[in-house]
Amino acid sequence: MLRSVTRSRGRLGAAVALLTASLLSAIGVVATTGVSSATPVAPGTTVYQLANGCYALQGADSAFVNRDGSGYRSGGTTVDDAESFRLHAAQLGRFMFYGTDGSMLAHDGAGGVVATPIATPSTDWTVMSSGDTFVLTATTNGRTLVSHDSTLSLAEPGGAPDAASFALIPRTGCADFPEAEVNATGTPSEIGPGGEVTGFIDTHVHMNASEFMGGNLHCGKPFDPQGVTAALVDCPDHQPNGMPALLENVLSFGDPFATHNTAGWPTFPDWPAHDSLTHEQTYYTWVERAWRGGLRIFTNLLVANRVLCELYPTKRNPCDEMETIRIQAKQTREIQDYVDAQYGGPGRGWFRIVSSPAEARQVAADGKLAVTLGIEVSEPFGCTLRNDVPQCTTEDIDRGLDELYDLGVRQMIVTHKFDNALGGTRFDGGITGVAVNIGNYLGTGEFWQSEPCTGVAEDNELPTKVDGAQNLLAVLPPGVTLPVYPAGAQCNSRGLSALGEHTIRGLMERGMIIDIDHMSVKAADATLGILETAQYSGVVSSHSWSDESFYRRIYALGGFVALYAGTLDASDGKHGETGFIDQWREAREMRSENYYFGFGYGADTNGFGPQAAPRSDADANPLQYPYTAFDGTVMDKQRAGDRVFDVNVDGVAQYGMIPDWIADMRIAAGPDGDQIIDDMSRGAEAYLQMWERARK
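Within each chain, residue numbers correspond to sequence positions counted from 1 in written order. For this predicted model, a pLDDT threshold of at least 70 governs which residues receive local features, and a threshold of 80 or more governs which side-chain atom pairs are given and counted, while totals over whole chains, interfaces and linings are taken from all residues. Hydrogens and water molecules were not included; the side-chain quantities draw on all heavy atoms of the structure.

> So what's going on with the pattern of salt bridges? Residues and values would help.
By definition here, a salt bridge exists when the distance from a side-chain nitrogen of Lys or Arg to a carboxyl oxygen of Asp or Glu is within 4 Å. For the coordinates displayed, the defined rule picks out 39 salt bridges. A salt bridge links Asp396 to Arg399; its shortest N-O distance comes to 2.5 Å. Taken together, the positions of Asp396 and Arg399, both in helix α8 (residues 394-407) and three residues apart, correspond to about one turn of that helix. Lys417 is the salt-bridge partner of Asp428, the closest N and O atoms lying 3.0 Å from each other. With Asp428 in the loop between β20 (409-413) and α9 (430-444) and Lys417 in the loop between β20 and α9, this residue pair connects regions lying 11 residues apart in the sequence. Like Asp428, the residue Lys417 is buried in the burial classification. To qualify as a helix, a DSSP run of H or I must reach at least 4 residues; to qualify as a strand, a run of E must reach at least 2; elements of each kind are numbered from the N terminus. Burial status follows relative accessibility: with a 1.4 Å probe on protein chains alone, a residue under 20% of its type maximum counts as buried, one over 50% as exposed, and anything between as partly exposed.

Shown next, in the form of structure tokens:
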């Protein structure tokens with residue numbers, strides 16, 4: 001490095017100094033493309049600040065890393081010889097070095113360094129600062145990258161300290177690392193007049209479905225350290241044409257022999273789709289677009305089902321439901337860290353997990369997305385039934401609630417698809433109901449038991465004789481057949497058990513939110529009775545899985561109602577014959593004047609529920625792109641690779657389309673368009689006020 005020249009005294013000294021400076025200046029001009037002119041990143045630059053930057057690598061021997069045939073070497077003598085790498089943040093402190101031709105710096109699993117166009121764990125490097133230079137370590141094996149005699153190789157940690165440091169030289173001309181676009185322009189609003197949080201709330205979504213039911217059933221992930229090309233791929237057991245994907249074919253198409261194009265990024269010819277139920281729909285940039293389009297609170301429900309997990313033929317995760325919850329809670333925090341990594345370090349990302357309404361308000365004040373955690377499982381704390389005998393105790397429940405609270409969980413569905421030791425479940429209908437009732441038998445030793453409904457509220461219609469159900473019976477023991485239920489309105493004979501009441505009171509003691517969805521009518525009625533006696537506001541119906549007659553009681557308590565995010569103007573095939581708009585009108589009439597009113601939705605994305613189809617008159621009266629969201633953000637059609645999504649054509653094919661679906665409400669609601677957008681934009685504040693009352 002050229003050092004400053006000591007000033008000389010007198011004319012001769014001045015002349016010498018002037019001549020020396022001139023020579024040094026000339027040398028500097030000649031050397032602008034040479035080793036000596038390469039200026040590293042500014043001293044004090046943190047590892048996190050390298051994210052998305054464009055850099056050349058210069059070894060301790062002053063050689064530059066350059067492309068050499070099919071690999072990389074450290075043979076460049078000038079910075080112009082060097083490869084320009086885009087640094088993709090694989091996680092906090094970890095990067096992928098993405099070259100100009102789309103190849104990445106990788107290792108061969110031993111000591112060799114190679115180039116590969118395929119993002120794999122071998123392209124993942126942990127980067128640590130060492131003064132003004134950096135040390136690169138292969139994340140998968142802990143060996144250190146070294147430069148020596150024009151060669152790059154891996155050495156054991158500390159094995160070649162003089163060759164293991166690299167300077168990062170800022171460059172231009174890097175290729176962009178592949179990523180799904182957001183296509184939103186503007187800054188998310190923060191706090192509205194009077195300190196209100198203005199924006200939307202989703203009370204029911206499953207961002208961690210990639211880890212449930214053994215981890216192999218769901219295709220794709222919400223993120224992958226190696227990026228979108230690794231995250232958005234189809235399941236191996238769907239290859240080659242989708243026909244082996246039995247569950248996808250039955251759930252999505254109603255045909256066990258259906259096919260689909262299994263290509264994911266970058267073409268996405270067949271998925272994601274609003275009615276494709278085993279493919280990823282909450283990739284993190286899609287959630288980012290929803291946030292930029294008005295989403296302020298995102299209730300991420302950790303989900304599991306032991307029985308269905310055990311029935312699925314392959315798995316990489318255990319089927320125990322509480323262990324699955326732990327895995328998903330960990331993944332949610334990894335998503336937060338990954339988003340932080342893209343934005344320059346811990347706490348800098350837009351995805352913020354919160355555990356109190358005060359934290360949620362602070363996140364909103366910072367213009368970010370508040371992520372709350374809930375659970376939706378059939379056997380919480382191991383509380384299943386076996387031949388009518390509870391498999392848990394009050395002590396198990398207390399320990400389980402404490403663990404959930406420590407994990408950050410603040411919302412709980414007490415019963416899900418099967419009866420459990422806490423109470424009865426709300427029936428499913430049709431062929432899905434047949435499958436779930438079989439699962440109830442396998443899990444508890446009994447099929448659902450019914451009795452005539454005695455009040456206004458009813459459970460869903462029981463499945464009776466359903467075409468296509470014969471194949472499902474094969475999983476039952478020999479001689480066991482489905483029961484035949486009486487005609488007419490039938491309700492689950494199981495209500496809320498003593499253990500269930502203990503759970504409700506335990507949730508109240510901890511200031512947690514009780515979600516009555518999926519409870520049988522008898523269980524929900526008993527739960528609301530307990531809450532009414534205590535005047536406890538912390539209750540929600542998160543996604544239209546409760547009888548509508550309970551909404552008035554929820555509102556009277558100061559609770560919150562959100563509807564399943566189905567088709568706006570017609571049946572979504574699952575929740576009745578009316579669309580979201582008409583259901584909103586009906587629910588709005590039940591609101592209480594004693595509490596701030598706002599409205600929400602529960603998308604149930606990744607939860608085996610179809611998303612909203614295109615509006616029936618979208619061809620004649622489409623949502624026009626670009627459009628301006630309620631807070632001024634300009635939203636254009638979202639692009640992911642070669643695929644461009646349009647709500648008029650695709651419906652809510654993936655979560656990034658939620659703002660488009662909400663904007664489309666203004667059209668679908670006609671003269672009520674302004675009112676429904678206003679109610680939706682007040683949803684986050686209404687939920688927060690409910691949560692605050694629950695914690696008093």
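Having seen it, we continue.
> Please give an account of the state of the cysteines that cites residues and values.
Cysteine sulfur atoms are paired as a disulfide whenever they come within 2.5 Å of each other. Counted by the stated rule, this structure contains five disulfides. Two residues share a disulfide in this structure: Cys54 and Cys174, whose sulfurs sit 2.0 Å from each other. One disulfide, between Cys54 and Cys174, carries an S-S torsion of 85° and so falls in the right-handed class. Separated by 120 residues along the polypeptide, Cys54 in strand β1 (residues 54-59) and Cys174 in the loop between β12 (166-170) and β13 (184-185) bring together distant segments of the chain. Here Cys54 falls in the buried class, since its relative accessible area comes to 10%. If you count the bonded cysteines of the chain from the N-terminus, they pair up as 1-2, 3-4, 5-6, 7-8, 9-10.

> A description of the sheet that holds strand β28 (residues 634-635) should follow, citing residues and the corresponding values.
Two strands make a pair as long as DSSP finds a minimum of two bridges between them. Spatially, the three strands line up as an open sheet ordered β13-β28-β27, and their pairing is antiparallel. At either margin of the open sheet sits one strand with a lone partner, and together these are β13 and β27 (627-628). The sheet contact formed by β13 and β28 spans two bridges and is antiparallel. Note on β28: the bridge partner recorded for Thr185 is Val634.

> Break down a nonpolar patch on the surface for me, with residues and values.
Excluding any residue in a salt bridge, patches collect residues exceeding 30% relative accessible area, merging like charges within 9 Å and nonpolar Val, Leu, Ile, Met, Phe, Trp and Tyr side chains within 5 Å. To be clear on the numbers: accessible area is Shrake-Rupley with a 1.4 Å probe, and residue cover counts the displayed protein chains and nothing else. Taken together, the side chains of Leu308, Leu311 and Val475 define a hydrophobic patch exposed on the protein surface, amounting to about 230 Å² of accessible area. Relative to the helices and strands, Val475 resides in the loop between β21 (450-452) and β22 (490-492). Judged by relative accessible area, Val475 falls into the partly exposed class, the value being 41%.

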